[in-house]
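Below, each chain spelled out in residue letters.
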Amino acid sequence: MKIIIIGSVASGTSVATKTRRNTERAEITLYDKDTDISYAVCGIPYAIGGEVGDFDELTPRDAQWFKARHNVDVHTSHDVLSINHAAKKVLVKNLLTGETFEDKYDLLVFATGASYQTPEVFQNQAFDNVFQVRNIHSGKIIKSFIDEHQPKTAVVVGAGYIGLEMAEQLKTQGLDVIVLQRSKHPMPHFDWDMSIRIEEEMRKQGIQFRAEETIVEVNGRTRLESAVTSQGNVLEADLYILATGVVPNTSLATSIGVTLGETGAIATDTSLQTNLEGVYAVGDVAESFHVITGKPIYRPMATTANKMGRIAGDAMTGGALRFQGILGTGILRFFDLTIAQTGLTEKEALAEGYEVAVLFNIKPDKPTYMAGKDMVIKAVADKQTHRILGVQIIGPQGVDKRIDIFASTITLGVKAEDLFHMDLAYAPPFSTTKDAVAYTGMALTNALNTAPLMTPQTLLALQDKHTEMTIIDARTAESYAEAHIPGAIHIPLSALRDQSVNLDKDKLTIVYCYKGVAGNAAQNILRHEGFKTVYNLTGGNDHYQEIAQQVKEKLE
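Residues numbered from 1 in each chain as written. Predicted model: local features only at pLDDT ≥ 70, side-chain atom pairs only at ≥ 80, totals over all residues. Heavy atoms only, no water.

**Student:** Looking at this model, I keep getting lost on the overall build of the protein chain. Mind explaining?
**Tutor:** Of the regular secondary structure elements, the protein chain holds 17 helices and 30 strands. Here the C-alpha atoms of the protein chain give a radius of gyration of 27 Å, agreeing with the 24 Å that 2.2 N^0.38 yields for 556 residues. Structurally, the protein chain occupies a C-alpha span of about 90 × 55 × 45 Å along its principal axes. Among the 556 residues that make up the protein chain, the fraction classed as buried is 54%. Here the analysis covers contacts within the protein chain between residues at least 6 apart in sequence; of these, 64% occur between residues at least 24 apart. Carbon together with sulfur atoms contributes 48% to the accessible area of the protein chain, which is approximately 24500 Å² in total. Looking at the protein chain, you have 53 positive and 67 negative side-chain charges, and the mean spots of the two groups are 4 Å apart. (Helix = DSSP H or I, 4+ residues; strand = E, 2+ residues; numbered from the N terminus. Rg over C-alpha atoms; globule rule 2.2 N^0.38 Å. Buried < 20%, exposed > 50% of the residue type's maximum accessible area, 1.4 Å probe, protein only. Contact = heavy atoms within 4.5 Å. Areas by Shrake-Rupley, 256 points an atom, 1.4 Å probe, with all protein chains shown as cover. Lys, Arg positive; Asp, Glu negative; His and termini not counted. Charge placed at Lys NZ, Arg CZ, Asp CG, Glu CD.)

The structure is reproduced here in structure tokens:
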């Protein structure tokens, strides 16, 4: 059996190694037009910034290693020009010698990856100070440019994973950085009430963030001298990074009749086989499906690529592995923040028709006496089934541990009630006795059953409509005097039992504290005193003030 794999980064090499582990009888050949294989794409920004000492650390394996270790033939600088699927032949060009030749296959795998979307204004342009982070070679070119020209200013177009990573690395090297983003907020797949914390970190670090602004005009010959934005601003930077998303490389596959899915990537079954028998697609060229909704999703990630490669290699050699979908879990370090997400965001859940409960849980990763720092956890649950649908976390530390716990539990379909019962590890250097994960489960369970939560956005909407309601600030008098929600009356938690007799029990009532814990206690007191409709403001006054400020800025 002859297997040809087109592409030799994460997914292609994973197919090859798993296939070889399953059988010694297959002849396995990989073709890749690049010069590097099986490299750590996600490490490129850190090599550019110097955190990774040498790009060679991102390319630990070469063709010789694969041949010696797995008896797999890897041919770099070889471009597959065309495929005759009826005859099961590929036409290959050796880019070093110019020679073309044919090769035969029994099974064919597309691991052709994805390419960066180039903004229209930059298409058919070649500026020596404009770059995209595509592969090891492109990373080396950017690094060489920085070392040689010592740029002082940079513009990063795009505020997704790569855009933010590059902005961090360039700023750390002393450049003045501007980040342009087509949408209103960075990391646009996050909910905006979480993304605003990334904007705050940009301001803290001295990075200019310009929302809803793109480059529409470029000037210069070999060097981009100036760029005009959609807001009419003229930029004159030494260095430009285009980080504007990717599109799957499907043209070779579609040329032989491979079907694309609704996301524009290659559609496959759970064995990663396409509509053509014996033809597979893995990695960034292939479509995934969502664990929760079961619907197609295109979220190119290195973890997914590796997983797909292993599954395809197993399935094509008679194994039982099958693709079970993804949650789109991702994580990013941005200066002092760790930013992570898994499952559905609130906006995605609402678009899918779920009636959701939303919790903002602001908790330290470990006790304050052990230098614990607050994480902001936004959790979304289905009101009908109580299943956790998605979680976003932003904080300075401890985020990675929690997002992986949530990703694991969401994959297994757990309910809010189940989180509290998880037997998580505890010691003061690592967590609090009531870990933020457990507390998320407790608070969501309360919200889903007896103690409903209200988001700042909902409260702001009620205030705009001049809705009749009672808003109670349960904090200290000093905190109330310093800043409180408009229209709120001050009744400290300790006095609420006595003073509740003076309040209208039939009126809509919202209670709040600093972050939500004492607010829940106040809510329970009023419920037991016979108040009909009492909400706890999720995230407390701190979160409300941040959201209110954002809403105010939008109106201005």
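So that's the structure; there's more coming.
**Student:** Even after reading the chapter, I still don't get the pattern of salt bridges, so can you show me in this structure?
**Tutor:** A side chain of one charge can pair with a side chain of the opposite charge if their charged atoms are brought near each other. What the rule picks out here adds up to 25 salt bridges. Ionic contacts of the salt-bridge type, sharing partners, join the residues Asp 191, Asp 193, Glu 346 and Lys 378 into one network. (Salt bridge = Lys/Arg side-chain N within 4 Å of Asp/Glu carboxyl O.)

**Student:** Any chance you could explain the packing of helix H1 (residues 10–22) against helix H8 (residues 302–315) here in plain terms?
**Tutor:** Two elements in contact, H1 and H8, have axes separated by 7 Å at closest approach and are oriented at 35°. Here H1 runs over H8; the crossing is right-handed. Seen from H1, the contacting residues are Ala 10, Ser 11, Ser 14, Val 15, Lys 18, Thr 19 and Asn 22; seen from H8, they are Ala 305, Asn 306, Gly 309, Arg 310, Ala 312, Gly 313 and Asp 314. Broken down by class, the residue content of the contact of H1 with H8 amounts to four nonpolar, seven polar and three charged. (Axes fitted to C-alpha atoms, helices over the stretch in contact; angles between N-to-C directions. Left-handed = near helix turned anticlockwise from the far one by under 90°. Nonpolar A, V, L, I, M, F, W, Y, C, P; charged D, E, K, R; others polar.)

**Student:** Help me out: how do you make sense of the sheet that holds strand E11 (residues 176–181) in this one?
**Tutor:** Within a sheet, adjacent strands bond to each other through the backbone by hydrogen bonds, running parallel or antiparallel. Strand order across the open sheet formed by five strands is E9-E16-E10-E11-E12, with parallel pairing between neighbours. Of all strands in the sheet, those bounded by a partner on one side alone are strand E9 (130–131) and strand E12 (208–211). Where E9 meets strand E16 (residues 239–242), two bridges bridge the pair, whose relative direction is parallel. Looking at the pairing, Val 130 lines up with Tyr 240 of E16. Taken strand by strand, helix H5 (residues 161–172) contacts strand E10 (153–157), E11 and E16, and its axis lies near 165° from that of E11. (Pairing = 2+ DSSP bridges.)

**Student:** Looking at this structure, how should I read a nonpolar patch on the surface?
**Tutor:** Together, Tyr 369, Met 370 and Tyr 426 make up an exposed nonpolar region whose accessible area comes to about 330 Å². The exposure class of Met 370 is partly exposed, given its relative accessible area of 32%. (Patch = residues over 30% accessible without salt bridge, like charges linked within 9 Å, V, L, I, M, F, W, Y side chains within 5 Å.)

**Student:** What exactly am I supposed to notice about the packing of aromatic side chains here?
**Tutor:** Geometry of an aromatic ring pair is reported as the spacing of the ring centres plus the angle between the planes. Here the structure, examined in full by the defined rule, presents five aromatic pairs. Seen from their ring centres, Trp 65 and Phe 66 are 5.0 Å apart, and the 80° between their planes marks the pair as edge-to-face. Measuring from centroid to centroid gives 4.9 Å for Phe 334 and Phe 335, while their planes differ by 75°, and the two rings are edge-to-face. Accessibility assignment for this pair places Phe 334 and Phe 335 in one class, buried. (Phe/Tyr/Trp six-rings, centres within 6.5 Å; stacked < 30°, edge-to-face > 60°.)

**Student:** I tried to follow H5 on my own but got confused; where do I start?
**Tutor:** Each full turn of the α-helix corresponds to 3.6 residues, which orients residues three or four apart in the same direction. Along its twelve residues, H5 runs 17 Å from first to last C-alpha, staying within 8% of the 16 Å computed at 1.5 Å per residue. Among the twelve residues that make up H5, nine are buried, leaving the element largely enclosed by the rest of the structure. Of all the residues in H5, the buried ones are Tyr 161, Gly 163, Leu 164, Glu 165, Met 166, Ala 167, Glu 168, Gln 169 and Leu 170. Gly 174, located one to two residues past H5, shows a positive phi value of around 100°. (Expected span 1.5 Å × (residues − 1).)

**Student:** Just to check I follow, could you spell out a positive patch on the surface for this structure?
**Tutor:** A cluster of basic side chains, namely Arg 21, Arg 61, Arg 69 and Arg 310, defines a positive patch on the protein surface. By the secondary structure assignment, Arg 61 is in the loop between helix H2 (44–49) and helix H3 (63–70).

**Student:** What is the right way to look at the environment of Lys 2 in this model?
**Tutor:** Considering the arrangement of structural elements, one finds Lys 2 in strand E1 (residues 2–6). Placed 49 residues apart in sequence, Lys 2 and Glu 51 show a C-alpha to C-alpha distance of 41 Å. Excluding residues within four positions of it along the chain, Lys 2 makes contact with Glu 27, Thr 29, Asp 103, Lys 104, Tyr 105, Asp 106 and Leu 107.

**Student:** Looking at this structure, how should I read the environment of Leu 350?
**Tutor:** In this fold, Leu 350 is placed in helix H9 (residues 346–351). By relative accessible area, Leu 350 is classed as partly exposed at 46%. Spatially, the C-alpha atom of Leu 350 lies 36 Å from that of Ser 500, the residues being 150 residues apart in sequence.

**Student:** Where do I start with unusual backbone geometry in this structure?
**Tutor:** A positive phi angle, near 45°, is found at Ser 38, a position not held by glycine. If you trace the backbone, Ser 38 turns up in the loop between strand E2 (27–31) and H2. In this model, Leu 272 sits at a positive phi of 75°, which is unusual for a non-glycine residue.

**Student:** Whenever I open this one, helix H16 (residues 517–528) confuses me. Can you help?
**Tutor:** The end-to-end C-alpha distance of H16 is 17 Å, a good match for the 16 Å that twelve residues give at a rise of 1.5 Å each. Among the residues of H16, those classed as buried are Gly 519, Asn 520, Ala 522, Gln 523, Ile 525 and Leu 526. Against the buried residues of H16 lie helix H12 (436–449), strand E27 (470–473), helix H15 (496–499), strand E29 (509–512) and strand E30 (534–537). Following H16 by one or two positions, Gly 530 adopts a phi angle in the positive range, close to 100°.

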